[in-house]
Structure formats: structure tokens, C-alpha cells
Amino acid sequence: MAAVRPGLGRIIPGSSILFLCDMQEKFRHVSFFPQIVSVAARMLKVAQLLDVPVVLTEQYPQGLGPTVPELGAEGLQPWSKTCFSMVPAVQQELDARPQLRSVLLCGLETQACILHTALDLLDQGLQVHVVVDACTSRSQVDRLVALSRMRQSGAFLSTSEGLILQLVGDATHPRFKEIQKIIKEPAPDSGLLGLFHGQNPLFR
């Protein structure tokens, strides 16, 4: 069997990790925050069902508060950081997984911590899958341009459902029925249709 080409961006649970970035109390005012957290929460549920490791960070929690409870991440120990990128804070988590190939990235803000994290991960040779319906910014212009910027640098832009179905792979998977219940309800609208409407030139 021929080797899978790296540029395809295929993901499997055994070589993937989920990054949850800075979904904290003081960010509740950010555009589409409830929707983003809702989608990230279902990514977390699926990761736990499929034994995909999960990393959670908090940006300066002394000032920006803890992770919001609706994410459902109470069982995770957050990594505190001040750097915009998640990578310096969680490098040991990456180093401990030599089989790691793909990082699924959720959180905020898209033009800050998500972009910096994506670039650092790409620089290490990892594939980055930005969960576009689980990332946002205060400014939707910043969000749009940051998504385009990451795509220019080699990140894959995907929806939560697309990534979930890639992870499960087969309707005969023993956890498929549980996962099917999670994705039965469509992801909430987080303004993406407006960003992509009219064949936006940034995404050509």
C-alpha cells in the first residue's frame, strides 16, 4: 500500500491531539463566544470517546479567569501561559507523543493565540487542523484574515463535524452511535456563512 501523502491532511485518533485554547470567563464578550464553546465542547466529548489526548490552556488566568464551565473540561488540568502560542507551555505534552502527527485546534482569539499556536506547530512539522466553527475573535475581520493567513501557511481549515467524521472513519466503529448523537444537532451558527459569502477573495 502506498504511503499517505502528508498534504492530504488525513487524521486518525492514534496520531492526533486536541488543543483547547483560552476559553475563559473574561472572554465572554467576544463575538460568538457561546457558539464557539458549544462546538469545542462537542469536540472534547468526541476526543474523550475516541481516546484522543486533550490539552487545555488558560491565558494569564489570574486576570482573565478560569475556563468556562460549559466547556465541560473539569477533568482536565489547564496549562497556564502568558505567551500567545500554546506551544511553549505544552511542549512537554508534544515531546511525550512521538507518534503525533495532527493537532486539532479550537479556541480564541483567532488572530492571536490560535494563529501563533498554528505557526509554532507547523514549524515543528505537525499538521494543524483549525476547527473553524470553534475559533473566534472580537473582530470578525481579524478572524477572517487570520484563517486565511493560517491557510496560506499550510494549516487545514475544517468544520467540527468534518473532523469528527474523519476521526471516527467508519459507521461500524464501536463508538459511532454515541458520536452520532453528539453530531445529530447541527453546530450553532458562528457567523461563518457571512465570512465565506460571495467567494471571498481571501479564500480563493
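You'll find the structure just up there.
Thresholds, definitions, all that
- Residue numbering note: each chain is counted from 1, following its sequence as written.
- Local features are withheld for residues below a pLDDT of 70 in this predicted model, meaning they are given only at 70 or higher, and side-chain atom pairs are given and counted only at 80 or more; totals for whole chains, interfaces and linings count all residues.
- Computation of side-chain values covers all heavy atoms of the structure but excludes hydrogens and water.
- Nonpolar cores are built from buried Ala, Val, Leu, Ile, Met, Phe, Trp, Tyr and Cys residues. Side-chain atoms within 4.5 Å join them into one set.
- For every residue, the accessible area (1.4 Å probe, protein chains only) is compared with the maximum for its type, and the residue is labelled buried under 20%, exposed over 50%, or partly exposed between those bounds.
- Comment: elements are numbered from the N terminus, with helices defined as DSSP H or I runs of at least four residues and strands as E runs of at least two.
- What makes two residues a contact is simply this: any of their non-hydrogen atoms within 4.5 Å.
- Two strands qualify as a pair provided DSSP detects at least 2 bridges between them.
- Salt bridges are defined as contacts in which a side-chain nitrogen from Lys or Arg sits within 4 Å of a carboxyl oxygen from Asp or Glu.
- The convention used is that axes are lines fitted to C-alpha atoms, helices contributing only their stretch in contact, and that angles between N-to-C directions extend from 0 to 180 degrees.
- For cavity detection a 1 Å grid was placed over the protein atoms alone, and a set of points counts as a cavity when a 1.4 Å probe fits there but cannot get out; an open set counts as a pocket when protein lies on both sides within 12 Å along at least five of seven lines, with lining residues being those that have an atom within 4 Å of a point.
- Grid points are joined across faces, edges and corners, and a volume is the space filled by probe spheres set on the points.
- Under the convention adopted here, Pro, Cys and the residues Ala, Val, Leu, Ile, Met, Phe, Trp and Tyr are nonpolar, Asp, Glu, Lys and Arg are charged, and Gly plus all remaining residues are polar.

## Here's the deal with the nonpolar core
So, step 1. Counting residues in hydrophobic clusters, the biggest one holds 36 residues, and the most contacted among them are Leu-18, Leu-20, Met-43, Leu-71 and Cys-106.
So, step 2. Only strand S1 (16–21), helix H1 (33–49), strand S2 (54–59), strand S4 (102–108), strand S5 (127–136), helix H6 (160–168) and helix H7 (176–183) provide two or more residues apiece to this core.
So, step 3. The dominant element in this core, judged by the number of residues it contributes, is H1, at ten residues.
So, step 4. Not counting residues within four places of it along the chain, the set of residues in contact with Leu-71 comprises Leu-20, Met-23, Val-37, Ala-40, Ala-41, Leu-44 and Leu-56.

## A short note on the pairing of S1
So, step 1. Most of S1 sits out of view: six of its six residues are buried.
So, step 2. Both S1 and S4 contribute to a ladder of six bridges, which runs parallel. In the sheet register, Leu-20 faces S4, and the bridge partner there is Cys-106.
So, step 3. When S1 meets S2, the two strands line up parallel, connected through four bridges. Looking across to S2, one finds that Phe-19 is bridged to Val-55.

## A word on the pattern of salt bridges
So, step 1. For the structure shown, the criterion picks out six salt bridges.
So, step 2. With a closest N to O distance of 2.8 Å, Lys-81 and Asp-22 form a salt bridge. Residue Lys-81 is located in strand S3 (residues 79–81), and its partner Asp-22 is located in the loop between S1 and H1; the two are separated by 59 residues in the primary sequence.
So, step 3. Taking relative accessible area as the criterion, Lys-81 reaches 4% and is therefore assigned buried.
So, step 4. Of the charged contacts, one joins Glu-70 and Arg-28 as a salt bridge, the two residues approaching to 2.7 Å between their closest N and O atoms. Of this pair, Glu-70 sits in the loop between helix H2 (61–64) and S3 while Arg-28 sits in the loop between S1 and H1, and the two are 42 residues apart along the sequence.

## Considering the sheet that holds S4
So, step 1. Overall, parallel pairing links the six strands, which are arranged S3-S2-S1-S4-S5-S6 in an open sheet. The open sheet terminates on both sides in strands that have one partner only, identified here as S3 and strand S6 (156–158). Averaged over all pairs of adjacent strands, the angle between strand axes in this sheet comes to 25°, irrespective of strand direction.
So, step 2. Packing against the sheet, helix H3 (residues 87–95) makes contact with S1, S2 and S3, and its axis sits at approximately 145° to S3.
So, step 3. With respect to the sheet, helix H4 (residues 110–123) is in contact with S1, S2, S3, S4 and S5, its orientation differing from that of S4 by roughly 165°.

## With respect to the environment of Ile-17
So, step 1. Tracing the backbone through its elements, the reader meets Ile-17 in strand S1.
So, step 2. Each C-alpha atom of the pair Ile-17 and Ile-179 lies 17 Å from the other, and the pair is 162 residues apart in sequence.

## Considerations on the layout of surface pockets
So, step 1. Its volume calculated, the largest pocket comes out at about 160 Å³.
So, step 2. Forming the boundary of the largest pocket are Arg-42, Asp-133, Thr-159, Ser-160, Glu-161, Ala-187, Pro-188, Asp-189, Ser-190, Leu-192 and Leu-193.
So, step 3. Only H6 and helix H8 (192–196) provide two or more residues apiece to the lining of the largest pocket.
So, step 4. Across the lining of the largest pocket, the residue classes break down as four nonpolar, three polar and four charged.

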